[in-house]
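Here is how the chains run, residue by residue.
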Amino acid sequence: MNFNEEWNASIHSDSEQIKRQKSAITAKLTPVSIDPVLCSGNFKGSRSSAYSTTLNSCTCVDFSRRGLPCKHIYRLAYELNQFDLGCPVCSATSVVLTKKEAMELITRVLTEDEQKTFGNFCYACKNDNSGQMLFDSVFADKLLSNNLAQEVTDTAVLLSYLYMKDIRNFLPPNTKAPRTKTELIQLVAPFVSASDIPLGNQKCLTLHSSIAHLGHSLHREICRLYPSENKIDDFWI
């Protein structure tokens, strides 16, 4: 779906549309989740409501009344790199979801098996993001695009997933390697960029900041959804 093909470019200069474009740049219009494949997104509405948005429709009142791009559609188009809002856009970096909001998002965007895997992930991360997990890139990107996870950038953590022989490749020339992996990581970590650490077709993730405080609560909720699953990978209890 292409935003410019859905709407005549002339409508965007209308004064009423410009108002909506200005509203779209605010932090509170940060999408709860985005599906780049389907070109759709979800936005937090007033009170407990949520809006489902595509590039040519939205469940908000404004769109139902006018049938023209609302602020949610404009923000979605911006997030998908299909529309320039003409000024800096604010993103909510401190949005915090309730357990109910988080579970609604999880059950909406993840399959049953993915939810079970995500339950493991929540348990590992605890309630303070003190844990993390490796996921294949496809599933990792799904979690990232839906604001359920964020990438780990701590080089010491990332290096811990490598074999010692691979960590030694980061040692400066003529530097003697320490005997233990912990000492080796401490020596190498300050001089390595996260993007240079090879994890193959995997990404290291921790819970998104919006739900990081809910790790164990979400794990318990997912366990209740699938009570027949007694244990998975030592985290499912």
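These numbers were taken from a predicted model, which means no experiment stands behind them.

A. Looking closely at the packing of aromatic side chains. One pass over the structure, following the stated rule, counts 7 aromatic pairs. Look at Trp 7 and Phe 63: their rings are 6.5 Å apart centre to centre, the planes differ by 85°, and that puts the pair in the edge-to-face class. Of the two residues, Trp 7 is situated in the loop between α1 (3-6) and α2 (15-24) and Phe 63 in helix α3 (residues 61-66); the sequence distance between them amounts to 56 residues. Taking relative accessible area as the criterion, Phe 63 reaches 14% and is therefore assigned buried. Counting every residue linked through ring pairs, the aromatic cluster contains Phe 118, Phe 121, Phe 135 and Phe 139. When the ring centre of Tyr 226 is taken as reference, the NZ or CZ atom of Lys 116 above it lies at 5.4 Å.

B. Broad picture of helix α11 (residues 215-225). Looking at α11, one finds that the buried residues are Gly 215, Ser 217, Leu 218, His 219, Ile 222 and Cys 223. Tucked inside the fold, the buried residues of α11 contact α5 (99-109), α6 (112-125) and β6 (202-207).

C. Representation of the packing of α6 against α11 in the model. Contact geometry of α6 with α11 gives a least axis separation of 8 Å together with a crossing angle of 150°. Between α6 and α11, the angle is such that the two are roughly antiparallel. With respect to the hand of their crossing, α6 and α11 are arranged in left-handed fashion. Here Gln 115, Lys 116, Phe 118, Gly 119, Cys 122 and Tyr 123 of α6 lie close against α11, whose contacting residues are Gly 215, His 216, Leu 218, His 219, Ile 222 and Leu 225. Looking at side-chain class alone, the contact of α6 with α11 contains 6 nonpolar, 5 polar and 1 charged residues.

D. Molecular detail of the confidence of the model for the protein chain. Confidence along the protein chain averages 88 in pLDDT terms, with 92% of residues attaining 70 or more. Contacts from residues 230-237, a stretch scored under 50 in pLDDT, to residues over four places away or in other chains number 22 contacts.

E. Local environment of the pattern of salt bridges. Taken as a whole and judged by the stated rule, the model has 12 salt bridges. Lys 19 is paired through a salt bridge with Glu 16; the nearest N and O atoms lie 3.1 Å apart. Highlighted residues: Lys 19 and Glu 16, both in helix α2, separated by 3 residues, approximately one helical turn. With relative accessibility at 49%, the residue Lys 19 sits in the partly exposed group. The closest approach of N and O atoms between Lys 165 and Asp 166, which form a salt bridge, is 3.4 Å.

Calculation criteria
Residues numbered from 1 in each chain as written. Predicted model: local features only at pLDDT ≥ 70, side-chain atom pairs only at ≥ 80, totals over all residues. Heavy atoms only, no water. Phe/Tyr/Trp six-rings, centres within 6.5 Å; stacked < 30°, edge-to-face > 60°. Helix = DSSP H or I, 4+ residues; strand = E, 2+ residues; numbered from the N terminus. Buried < 20%, exposed > 50% of the residue type's maximum accessible area, 1.4 Å probe, protein only. Lys NZ or Arg CZ within 6 Å of the ring centre and 35° of its normal. Contact = heavy atoms within 4.5 Å. Axes fitted to C-alpha atoms, helices over the stretch in contact; angles between N-to-C directions. Parallel < 35°, antiparallel > 145°, perpendicular 65-115°, else oblique. Left-handed = near helix turned anticlockwise from the far one by under 90°. Nonpolar A, V, L, I, M, F, W, Y, C, P; charged D, E, K, R; others polar. pLDDT = per-residue confidence, 0-100. Salt bridge = Lys/Arg side-chain N within 4 Å of Asp/Glu carboxyl O.

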